[in-house]
Every structure is written in C-alpha cells, then in structure tokens.
Amino acid sequence: MALLLLVSGCSDNDGVEKPDNLVEADKMARILTQVHLAEAQVGRYALRSTDSSTLIFKRLQTGILKKYGVDTSAYRKSYIYYSAHPDKLEAIYANVTKELQKMSNVSSTSTTAPSTATATRATVGSGTLQRPQ
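Rules of the game
Residues numbered from 1 in each chain as written. Predicted model: local features only at pLDDT ≥ 70, side-chain atom pairs only at ≥ 80, totals over all residues. Heavy atoms only, no water. pLDDT = per-residue confidence, 0-100. Contact = heavy atoms within 4.5 Å. Helix = DSSP H or I, 4+ residues; strand = E, 2+ residues; numbered from the N terminus. Axes fitted to C-alpha atoms, helices over the stretch in contact; angles between N-to-C directions. Parallel < 35°, antiparallel > 145°, perpendicular 65-115°, else oblique.

*Asks:* Help me understand the confidence of the model for the protein chain, please; the structure alone is not making it clear to me.
*Replies:* Keep in mind that low pLDDT regions are not for reading the predicted coordinates in detail. Mean pLDDT over the protein chain works out to 80, with 72% of the residues at or above the 70 mark. Between residues 1-9, whose pLDDT stays under 50, and residues either more than four places distant or in other chains, the model counts zero contacts. For the stretch residues 115-133, pLDDT sits under 50, and the model shows 18 contacts to residues farther than four places along the chain or on other chains.

What follows is the structure, given as structure tokens:
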C-alpha cells in the first residue's frame, strides 16, 4: 500500500491522460506564440474594463485557433495535458520564446533604417543579392 502511494505520488502527470485530439507540440508552440502576442495587444489597449479586455482577447484567441484548425476544447485539453507534463511544456515554451525573440529581432532591425549610402549584401549560393538604393 505504501509503495502504491509512493509511486502515484511521484507521478508527473497528476492522472491527466493524453487526449485523443492532442494538439502536437510544434503546433501548440505556434498557437501559444500567437496567444501571447494577442495578450500583449489587448494589454496595450489599456482598457479600464476587464470584461472588455476579456471579450477582445477571446475574439482574438478564437481567430488564432481557427487559423490553426484547432477547436477550443482540443486547445484546452492539450494545454492541461502539457501542463501536467512539465518537461513537454518546457520544450513548447522554449520554442515560443525562440519565436518571440526572432520576432523581436526582426522588429528592432526594421525600425532602425540603414544608411542609403551603405549597400546590404547577402550571399546566396553563388550569387549575391543587393538591396536597391
């Protein structure tokens, strides 16, 4: 009896079974990236009403899930499953963080205009691409 309690107490999934409609980890990372961007967008609106913020976020989230062909139930069950498996959730969030950092780097480089006197070159195969001046 004590061994059974010890084994069940050390379980990392808290009894959460893998759902039949589990969203794959890569897709989940893409969805969560978009969800966090939507949260930030709603936060920038600085709405006084939490009801309005929630309504706008839910609408954005619905659009994100629709874009990826995932229903709300599958998303929630998948999130619960991954939350019960910290190693899997950590791997997903590593991808989310990586993608957000890429977006941040692209955003910061696009806001700093390069000098028109300097040509930007990128080597591709045997040729070079040059940005028109």
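*Asks:* Just to check I follow, could you spell out the environment of Leu-55 for this structure?
*Replies:* Tracing the backbone shows Leu-55 in helix 3 (residues 50-67). Here the alpha-carbon distance between Leu-55 and Val-42, two residues 13 residues apart in the chain, equals 9.8 Å.

*Asks:* Mind showing me how you'd approach the packing of helix 2 (residues 25-44) against helix 4 (residues 72-83) here?
*Replies:* Relative placement of two packed helices is described by the angle separating their axes and the distance separating the axes. Two elements in contact, helix 2 and helix 4, have axes whose closest approach is 12 Å; the angle formed by their N-to-C orientations is 105°. Between helix 2 and helix 4, the angle is such that the two are roughly perpendicular. Along its contact with helix 2, which presents Ala-25, Met-28, Ile-31, Leu-32 and Val-35, the element helix 4 presents Tyr-75, Ser-78, Tyr-79 and Tyr-82.

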